[in-house]
Amino acid sequence: GAGVSQSPSNKVTEKGKDVELRCDPISGHTALYWYRQSLGQGLEFLIYFQGNSAPDKSGLPSDRFSAERTGGSVSTLTIQRTQQEDSAVYLCASSSGTGDYVYTFGSGTRLTVV
Amino acid sequence: GQSLEQPSEVTAVEGAIVQINCTYQTSGFYGLSWYQQHDGGAPTFLSYNALDGLEETGRFSSFLSRSDSYGYLLLQELQMKDSASYFCAVRLTGGGNKLTFGTGTQLKVEL
């Protein structure tokens, strides 16, 4: 697509429920990144994909968080047993390859856990 | 640890020039990037410094001094639409293929 698309744009869920966040990167971009941004804060790295592989998962905060990427394209970030501290904007970005400094971000999914 | 520090907030008037600083403590990185994020929007790439010195892109310029562990973004002829958050970011050597972002600066442009 022309840009990075994320869905849903907003998600309200009850504590303890599982949620899935979707990211559709720019066509042909091999690198995909997930970041988390709490209100008024910076961008916290979660995970990086190169193709379908995730060579860097160092930012995932707990084993409740997982992500996958299929077909070198769409990625889903899954949060199990959501907690209130998971409330944040989850941003996805893609870039054309390794060593990039130009990321194209999606508009994010605002997750609210109540 | 690796950290990039920025002032949390800067206020300036329309038409003025403003400088947003980024100071870092890191053992090594490939270059310094700058991103802009409007409220509720996606961060967008502004500028990149691979080497020390000044890079100019229209009203925006960015500067890097590795010896001083310091960089800045300079915005000239400020417009109301420049009100946004600005983040510096680096790809750390040995840190994999990801950008590490600074703490962010909220710029408010006033009339």
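Scope of this entry: the structure provided in the associated data block.

Cut-offs applied
Residues numbered from 1 in each chain as written. Chains lettered and ligands numbered in written order. Predicted model: local features only at pLDDT ≥ 70, side-chain atom pairs only at ≥ 80, totals over all residues. Heavy atoms only, no water. Salt bridge = Lys/Arg side-chain N within 4 Å of Asp/Glu carboxyl O. Helix = DSSP H or I, 4+ residues; strand = E, 2+ residues; numbered from the N terminus. Buried < 20%, exposed > 50% of the residue type's maximum accessible area, 1.4 Å probe, protein only. Contact = heavy atoms within 4.5 Å. Buried area = accessible area lost by both parts, 1.4 Å probe. Polar contact = N/O pair within 3.5 Å; in protein donor to acceptor, adjacent residues only side chain to side chain. Nonpolar A, V, L, I, M, F, W, Y, C, P; charged D, E, K, R; others polar. Phe/Tyr/Trp six-rings, centres within 6.5 Å; stacked < 30°, edge-to-face > 60°. Pairing = 2+ DSSP bridges. Axes fitted to C-alpha atoms, helices over the stretch in contact; angles between N-to-C directions.

## Remarks on the pattern of salt bridges
Residues and elements named next belong to chain A.
- Evaluation of the coordinates by the stated rule reveals six salt bridges over all chains.
- The salt bridge partner of Asp 86 is Arg 64, with a shortest N-O separation of 2.8 Å. Taken together, the residues span a long stretch of sequence, with Asp 86 in the loop between strand 8 (75-79) and strand 9 (88-95) and Arg 64 in the loop between strand 6 (53-56) and strand 7 (65-69) at a distance of 22 residues. Like Asp 86, the residue Arg 64 is buried in the burial classification.

## Some points on the interface of chain A and chain B
- Residue-level contacts link 23 residues of chain A with 17 residues of chain B.
- When chain A packs against chain B, the two sides together hide about 1,500 Å² of surface, and 57% of this comes from carbon and sulfur.
- Among the residues of chain A in contact with chain B, Leu 43, Tyr 101 and Phe 105 of chain A are the three that bury the most area, contributing 35% of the side total.
- Taken together, the connections running from chain A to chain B amount to one salt bridge.
- The interface formed by chain A and chain B includes eight residue pairs in polar contact (both at pLDDT 80 or more).
- For the side of chain A that touches chain B, the secondary structure elements donating two or more residues are strand 4 (31-37) and strand 5 (44-50) of chain A.
- Looking at which element gives the most residues to the side of chain A that touches chain B, the answer is strand 4 of chain A, with four residues.
- Taken together, the residues of the side of chain A that touches chain B break down into eleven nonpolar, ten polar and two charged.

## Things to note about the packing of aromatic side chains
Residues and elements named next belong to chain A.
- One pass over the structure, following the stated rule, counts 16 aromatic pairs over all chains.
- Residues Tyr 35 and Phe 105 carry aromatic rings whose centres are separated by 6.0 Å and whose planes lie at 55° to one another, so their mutual orientation is tilted. Taken together, the positions of Tyr 35 in strand 4 and Phe 105 in strand 10 (residues 104-105) put the pair 70 residues apart, joining distant regions of the chain.
- Classification of Phe 105 as buried rests on a relative accessible area of 6%.

## Here we look at the sheet that holds strand 1 (residues 3-5) of chain B
All names here are of chain B.
- In space, the five strands of this open sheet follow the order 1-3-8-7-6, with antiparallel pairing throughout. Edge positions in the sheet fall to strand 1 and strand 6 (53-57), since each of these pairs with one other strand and no more. Sheet twist, expressed as the average angle between the axes of neighbouring strands with direction ignored, equals 15°.
- The sheet contact formed by strand 1 and strand 3 (residues 18-25) spans three bridges and is antiparallel. When the sheet's bridge partners are listed, Leu 4 is paired in strand 3 with Tyr 24.

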